[in-house]
Every structure is written in structure tokens, then in C-alpha cells.
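Each chain, written out:
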Amino acid sequence: MNVRARKLLAYAAAAVVLVAVFALYTRPQFMVDVADLVWGCFQ
């Protein structure tokens, strides 16, 4: 693979990861779970 193809593949992978993370934030139960995990770190 040449440099341009690798860069394009890296950008595409990063975009897929970002879309997946943003999709998780639309689920209220996921947000509650994240808040519980963060709260548990400081108890």
C-alpha cells in the first residue's frame, strides 16, 4: 500500500470509530453506566 492509501484507510477507520462513539451517546442507559463508572472511581 502506498502512503496515500494508508492515510485514507486511517481516516476512514477514525471516522468509523467516531461515529460508533457518537451513536453510543444517544443511548441513555449507556450515559448512566458511564456516569456510574466515573462516580465509582472517586468513592
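This report concerns the structure included in the present document.

Procedures and definitions
- All residue numbers refer to positions counted from 1 along the written sequence of the respective chain.
- For this predicted model, a pLDDT threshold of at least 70 governs which residues receive local features, and a threshold of 80 or more governs which side-chain atom pairs are given and counted, while totals over whole chains, interfaces and linings are taken from all residues.
- Processing note: side-chain calculations cover all non-hydrogen atoms of the structure and skip hydrogens and water entirely.
- Helix and strand assignments come from DSSP, with helices taken as H or I runs of at least 4 residues and strands as E runs of at least 2, each series counted from the N terminus.
- Surface accessibility in these figures is a Shrake-Rupley result with a 1.4 Å probe; residues are shielded only by whichever protein chains are displayed.
- Exposure above 30% relative accessible area and no salt bridge define the residues that can form patches, which grow by joining like charges within 9 Å and nonpolar side chains of Val, Leu, Ile, Met, Phe, Trp and Tyr within 5 Å.
- In what follows, salt bridge is the name for a side-chain nitrogen of Lys or Arg lying within 4 Å of a carboxyl oxygen of Asp or Glu.
- By convention, a stacked pair of Phe, Tyr or Trp rings (six-membered ring in the case of Trp) has centres within 6.5 Å and planes under 30 degrees apart, an edge-to-face pair has planes over 60 apart, and any other such pair is tilted.
- Only protein chains enter the area calculation, which uses a 1.4 Å probe; residues under 20% of their type maximum are buried, those over 50% are exposed, and those in between are partly exposed.

Each helix and strand counted, the protein has two helices and zero strands in total. With the C-alpha coordinates aligned to their principal axes, the bounding extent of the protein is approximately 50 × 20 × 10 Å. Of the accessible surface of the protein, which amounts to about 4,100 Å², a share of 73% is contributed by carbon and sulfur atoms.

Further remarks concern the environment of Arg 27. Residue placement: Arg 27 occurs in the loop between helix H1 (3–24) and helix H2 (28–41). The spacing of Arg 27 and Trp 39 is twelve residues in sequence and 19 Å in space, taken between C-alpha atoms.

Another point: a nonpolar patch on the surface. Together, Val 17, Leu 18, Val 21, Phe 22, Tyr 25 and Met 31 give the surface a local cluster of nonpolar side chains, amounting to about 580 Å² of exposed area. With four residues, H1 is the largest single contributor of residues to the nonpolar patch. Within the secondary structure, Val 21 is located in helix H1.

Enumeration over the complete set of coordinates arrives at one aromatic pair. With 5.7 Å between their ring centres and 85° between their planes, Tyr 25 and Phe 30 make a pair best called edge-to-face. Overall, Phe 30 belongs to the partly exposed group, its relative accessible area being 23%.

Purely spatial values, then, with no claim about function.
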